[in-house]
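The primary structure of each chain is shown beneath.
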Amino acid sequence: MSTGKIIESGFRILPIQILVVVLLFGLHLSGLVDALPALIIAAVVGIAFFWIDRRYRIVVNRLTDALKTARSARRNLAPLRAKIAEGIDAPLLLIDPLRKVLDANRPARTLFGNNLIGRDVSLYVRHPDILEALGKVMQGAPIARLEASLTGAVERIFSISVSRVDNSRHASDSDRESTEPAFYVVISMHDITKMRVAERMRADFVANASHELRTPLSSVIGFIETMNGPAKGDEAAQERFLGIMEEESRRMVRLIDDLLSLSRIELDKHVQPKSSVQLEPILKGVAASLEPTVQKRHMAINILVPDSLEPVQGDADQIHQMLQNLTSNALKYAYEGSTVTLSAQPVERIPESGQRGIAISITDHGPGIPPEHLPRLTERFYRVDAARSRKLGGTGLGLAIVKHIVSRHRGHLDIRSILGKGTTVTISLPIYQGLREPEDHP
Ligand SMILES: Nc1ncnc2c1ncn2[C@@H]1O[C@H](COP(=O)(O)OP(=O)(O)O)[C@@H](O)[C@H]1O
Ligand SMILES: [Mg+2]
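Every value quoted in this text rests on a predicted model; they were computed, and no experiment measured them.

Analysis parameters
Residues numbered from 1 in each chain as written. Chains lettered and ligands numbered in written order. Predicted model: local features only at pLDDT ≥ 70, side-chain atom pairs only at ≥ 80, totals over all residues. Helix = DSSP H or I, 4+ residues; strand = E, 2+ residues; numbered from the N terminus. Pairing = 2+ DSSP bridges. Near = placed C-beta within 6 Å. Nonpolar A, V, L, I, M, F, W, Y, C, P; charged D, E, K, R; others polar. UniProt positions renumbered as here; feature names shortened; annotations may be inferred. Axes fitted to C-alpha atoms, helices over the stretch in contact; angles between N-to-C directions. Parallel < 35°, antiparallel > 145°, perpendicular 65-115°, else oblique. Left-handed = near helix turned anticlockwise from the far one by under 90°. Contact = placed C-beta atoms within 7 Å. Core = buried A, V, L, I, M, F, W, Y, C linked by C-beta atoms within 7 Å. Buried ≥ 20, exposed ≤ 12 C-beta atoms within 10 Å, placed from the backbone. Expected span 1.5 Å × (residues − 1).

Please set out the environment of Gly366 residue by residue, giving values where relevant.
Tracing the sequence through the fold places Gly366 in the loop between strand S10 (357–363) and helix H12 (386–391). Spatially, the C-alpha atom of Gly366 lies 53 Å from that of Ile130, the residues being 236 residues apart in sequence.

Take a look at the structure:
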């Protein structure tokens, strides 16, 4: 290597000094120079050369050290780079110009198969769009980008870049017989499934909300037209239509109120409420506000709360709102004449946070909810029976609001239902922790 050459090819200073002394001694012997000047010249030349020699060695040693460090850094960098690639949470593939996979990090091996290193890439990466992009880059394009969805156990959508990396070693070795490829191709894949799902949900939400608002609005417009046209002067019909129009308008207001609360709760979902909230008065308040429905359906609400129940940490209005939504569901969907039970009791661990909490259950006796619907009930506008829900004045947003309030409170929501028997919804909220010092704010 070059470092070795520098030291070996360095001229030796000692022999030159000896040469000068011998030369001067020769000149003195042949009588050309006197002894004293010869001695002085020899001493000056010797000291000068001695000084040059020291400087020279210091410089050479420094250069040698620097080169050694650089060499060992380069030696250490290769495995480090491999480790970085291995630790990156996105599939990465390194391919040579003959389409052979030279390297693949762990996510890539998990996605395409463990044995792909050393094999032809098209045996493992079968997506036609990815192979087409690879073809373009092999033929000289510097980079190709694409989006592809790969179906495995679950469908995942990837944003993929296929880029050509020229091999500098190939260029510097061009004068020799080189085995280095002229370039490599790097395929890097970024999972964007969550982003796409969120976009789809947003678009669905706007479409659903518009549809929910449009239906009552169309009905109101229809009645106005009828009252202005065929039913003009028909007082009995007009009275009936006005009643329906009022009901439809109220539905729109309810819908807008629910949409507004949902967006308000979502806005500060990262801020956990800090107040101390007593549950018993809230449960009593909810029961009192739903008294008209209880009367109408000949039902009863039973409240079961232990004597000394610790307060929970939360926002009293939001806790009231979610208990109201759940109790109103129980009253709407349970059998006529049945009893709805609201109960609260301490629990040692809330599943997500592990904190101590209070579990509040709302239990009804009714037809229940088929199990296949349970996982989707908290989606916005999701209903088991949309027509029935609408007839009962539902917006399809009640449980979505409950889910958001629970998660803002760092609580837990559980819905269990037995067909033909009834449903129990349980919410666990953390016990009030007292006021803690705000963290890392002056
Ligand atoms: N206690 C219950 N018993 C039976 N079905 C229920 C119960 N609670 C909720 N559901 C079902 O879940 C759906 C979603 O509830 P929710 O979000 O409150 O909307 P809404 O009550 O406005 O329809 C309801 O349409 C209903 O089909
Ligand atoms: Mg509801």
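Give me the pairing of S10: which residues, what numbers.
Inspection of the sheet shows strand S9 (residues 339–347) paired to S10 by seven bridges, in the antiparallel sense. Along S10, the bridge assignment pairs Leu342 with Ile362. Taken together, the seven bridges between S10 and strand S12 (residues 422–430) define a ladder with antiparallel strand orientation. Note that in S12 the partner of Ile360 across the bridge is Ile427.

Outline the site of ligand 1, listing residues and values.
Around ligand 1 sit 20 residues, and of these Arg383, Val384, Ser389, Gly394 and Gly398 come closest. Elements with a minimum of two residues in the shell around ligand 1: helix H11 (316–333) and helix H13 (398–408). It is H11 that contributes the most residues to the shell around ligand 1, four residues altogether. A class-by-class count of the residues in the shell around ligand 1 yields eight nonpolar, nine polar and three charged.

Residues and numbers for the UniProt feature "domain: Histidine kinase" (unreviewed entry) in the protein chain, please.
According to UniProt, the positions carrying the feature "domain: Histidine kinase" (unreviewed entry) are residues 208–433. Along residues 208–433 the backbone is 47% helical and 19% strand, and the end-to-end C-alpha distance reaches 40 Å.

Quick rundown of the packing of helix H7 (residues 193–228) against helix H8 (residues 235–267)? Include the residues and the values.
Following both chains from N to C, one finds H7 and H8 inclined at 160°, their axes separated by 10 Å at the closest point. When the axes of H7 and H8 are compared, the pair comes out roughly antiparallel. Judged by the twist between their axes, the crossing of H7 over H8 is left-handed. Residue-level inspection shows Ala209, Glu212, Leu213, Pro216, Leu217, Ser219, Val220, Phe223, Thr226 and Met227 of H7 in contact with H8, the latter providing Gln238, Phe241, Ile244, Met245, Glu248, Ser249, Arg251, Met252, Leu255 and Leu259. When its residues are assigned to classes, the contact of H7 with H8 shows 13 nonpolar, four polar and three charged.

Describe the nonpolar core, naming the residues involved and giving the relevant values.
The biggest cluster of nonpolar side chains holds 37 residues, and the ones touching the most others in it are Leu279, Met322, Leu323, Val340 and Ile401. Elements supplying a minimum of two residues to this core: H8, helix H9 (279–289), H11, S9, S10, H13 and S12. Broken down by element, the residue count for this core peaks at seven residues, all from H11. Other than its neighbours up to four places away in sequence, Ile401 contacts Asp258, Ser261, Leu262, Ile265, Gln321, Met322 and Asn325. Membership of the second largest hydrophobic core comes to 21 residues, among which are Ala108, Val121, Ala144 and Met189.

Break down H7 for me, with residues and values.
An ideal rise of 1.5 Å per residue puts 52 Å on 36 residues; H7 measures up with 52 Å between its terminal C-alpha atoms. Buried residues are scarce in H7, accounting for three of its 36 residues. Buried residues of H7: Glu212, Pro216 and Phe223, and no others. Of the surrounding elements, those touching the buried residues of H7 are H8.

Got a sec to walk through the sheet that holds strand S3 (residues 143–151)? Specific residues and values, please.
Pairing is antiparallel across the open sheet formed by five strands, whose spatial order is S2-S1-S5-S4-S3. Every other strand in the sheet has two partners, leaving strand S2 (101–104) and S3 as the edge strands with one partner each. Each adjacent strand pair in this sheet contributes to an overall mean axis angle of 20°, direction not counted. Here S3 pairs with strand S4 (residues 155–166) via nine bridges, running antiparallel. Across the sheet, Leu150 pairs through a bridge with Arg156, a residue of S4. Contacting S3, S4 and strand S5 (183–191), helix H5 (residues 128–138) runs over the sheet at an angle of about 160° to S3.

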